[in-house]
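Examination of the molecular architecture
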Amino acid sequence: MIVSYNLEAVGDTLIIVTAQGKNKEVSVIKQGNVACIVDKETEQILGWNIFEASHHITNLNGNGQIELSPSQITELNLALKEAGFAHEFEADNSPKFVVGYVHTCTPHEDSDHLTVNDIEVDNGEHLQIVCGAPNIKAGLKVVVAKVGAMMPDGLIIWPGELRGVESFGMVCSAKELRLPNAPQEKGILELDDSYEVGARFNLPQ
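These numbers come from a predicted model, not from an experiment. (Residues numbered from 1 in each chain as written. Predicted model: local features only at pLDDT ≥ 70, side-chain atom pairs only at ≥ 80, totals over all residues. Heavy atoms only, no water.)

Turning our eyes to something else, we now look at the confidence of the model for the protein chain. Per-residue confidence for the protein chain gives a mean pLDDT of 93; residues scoring 70 or more make up 100%. Confidence, expressed as mean pLDDT per element, reaches its minimum in the protein chain at strand S6 (residues 63-65) with 87 and its maximum at strand S10 (residues 141-145) with 98. (pLDDT = per-residue confidence, 0-100. Helix = DSSP H or I, 4+ residues; strand = E, 2+ residues; numbered from the N terminus.)

Laid out in structure tokens, this is it:
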């Protein structure tokens, strides 16, 4: 699940995204301070809104994607139960932005600028990611936004396909990560050898 909270921009509402809902017709079931967003066709739950969230969950803060502690998950589940919903969440605080290592970088067969990359991330996992950055190459350490990451501009990373090739994440530029003094020219952020492959990459707050 993807959890976001931004009191200044959105108000006291906790937004939870559980599935991709783009271009889907949805219905909303609202009970008390909880709204459940459902795909009308499949009845799949796409997300939740918890209104007056700070009244239900303690120590909420952030200005984008946040992680909920086990105690906050317990409070969230209690809020759902009190509103009459049977759904329960489990904590998932695995890092969504990690240091990756590009093992292979192969030209895309149907593009003159895309590459297909085998990138190692955390726990020894390898992801196939299609990338259009001109400076990506094998041997680089990079920042990977994994599936389930929310970019600083609000974009959510889902599994995708580019020119017929599956892609499971995004290799990020400094500008996309909104790092201080990020260069304006195109290109992914290249990390030096001091970064450990698989380590969490912390975004500026």
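Under the criterion given, the structure shown has three aromatic pairs. When the centroid spacing of 6.1 Å and the interplanar angle of 75 degrees are considered together, the rings of tryptophan 48 and phenylalanine 89 count as edge-to-face. Taken together, the residues tryptophan 48 in strand S5 (residues 45-51) and phenylalanine 89 in the loop between helix H2 (70-82) and strand S7 (97-107) connect sequence positions 41 residues apart. A residue is classified by how much of its surface remains accessible, and tryptophan 48, at 1% relative accessible area, is buried. One aromatic cluster in this structure is built from Trp48, Phe85 and Phe89. (Phe/Tyr/Trp six-rings, centres within 6.5 Å; stacked < 30°, edge-to-face > 60°. Buried < 20%, exposed > 50% of the residue type's maximum accessible area, 1.4 Å probe, protein only.)

Time to look at the nonpolar core. Core analysis: the largest hydrophobic core is formed by 20 residues, its most contacted members being Leu14 and Leu76. Listed by contribution, the elements that provide at least two residues to this core are strand S1 (2-6), strand S2 (13-17), strand S4 (34-39), S5 and H2. Not counting the four nearest positions on each side in its chain, leucine 76 is found in contact with Leu14, Ile16, Ile50, Ile57, Leu68 and Phe89. In this structure, Ala145, Cys172, Ala182 and Phe201 belong to the second largest nonpolar core, which totals 17 residues. (Core = buried A, V, L, I, M, F, W, Y, C linked by side-chain atoms within 4.5 Å. Contact = heavy atoms within 4.5 Å.)

Quick look at the sheet that holds S10 now. Sheet architecture is open: five strands sit in the order S9-S8-S7-S10-S13, paired in antiparallel fashion. One side of each edge strand has no neighbouring strand; the edge strands of this open sheet are strand S9 (126-131) and strand S13 (170-171). (Pairing = 2+ DSSP bridges.)

Turning to the environment of valine 28, a few remarks are in order. You can see valine 28 is positioned in strand S3 (residues 26-31). The residues contacting valine 28, other than those within four sequence positions of it, are Ala35, Cys36 and Ile37.

All right, on to the sheet that holds S3 then. Ordered in space as S3-S4-S5-S2-S1-S6, the six strands form an open sheet in which the pairing is antiparallel. Both outer strands of the open sheet, S3 and S6, are each paired with one neighbouring strand and no more. Shown here is a sheet whose adjacent strand axes are inclined to one another by a mean of 15 degrees, direction ignored. Contacts between H2 and the sheet are confined to S2, S4 and S5, with S5 contributing the most and set at about 95 degrees to the helix. (Axes fitted to C-alpha atoms, helices over the stretch in contact; angles between N-to-C directions.)

With that settled, the discussion passes to unusual backbone geometry. Of note, the phi angle at glutamate 52 is positive, near 50 degrees, even though the residue is not glycine. Following the sequence through the fold, glutamate 52 ends up in the loop between S5 and S6. At arginine 163, a residue that is not glycine, the phi angle is positive and equals roughly 50 degrees. Here arginine 163 shows up in the loop between strand S11 (160-162) and strand S12 (165-167). A relative accessible area of 49% means that arginine 163 is categorised as partly exposed.

So, on to the side chain of aspartate 122. Looking at the secondary structure, you find aspartate 122 in the loop between strand S8 (115-120) and S9. Among the polar contacts listed, one links the side chain of aspartate 122 to the side chain of lysine 146, at a separation of 2.8 Å. If near-sequence neighbours (up to four positions away) are discounted, aspartate 122 is found in contact with Pro95, Val98, Lys146 and Gly198. (Polar contact = N/O pair within 3.5 Å; in protein donor to acceptor, adjacent residues only side chain to side chain.)

Glancing now at the pattern of salt bridges. Counted by the stated rule, this structure contains six salt bridges. Between glutamate 25 and lysine 40 there is a salt bridge, with the nearest N and O atoms lying 3.4 Å from each other. Note that glutamate 25 is positioned in the loop between S2 and S3 and lysine 40 in the loop between S4 and S5, a separation of 15 residues in sequence. We note a salt bridge from arginine 200 to glutamate 67, for which the minimum N-O separation is 2.6 Å. You can see arginine 200 sitting in the segment after S13 and its partner glutamate 67 sitting in the loop between S6 and H2, a full 133 residues away along the chain. Classification of glutamate 67 by relative accessible area gives partly exposed; the value is 41%. Members of the salt-bridge network, linked through shared partners, are Asp122, Glu125 and Lys146. (Salt bridge = Lys/Arg side-chain N within 4 Å of Asp/Glu carboxyl O.)

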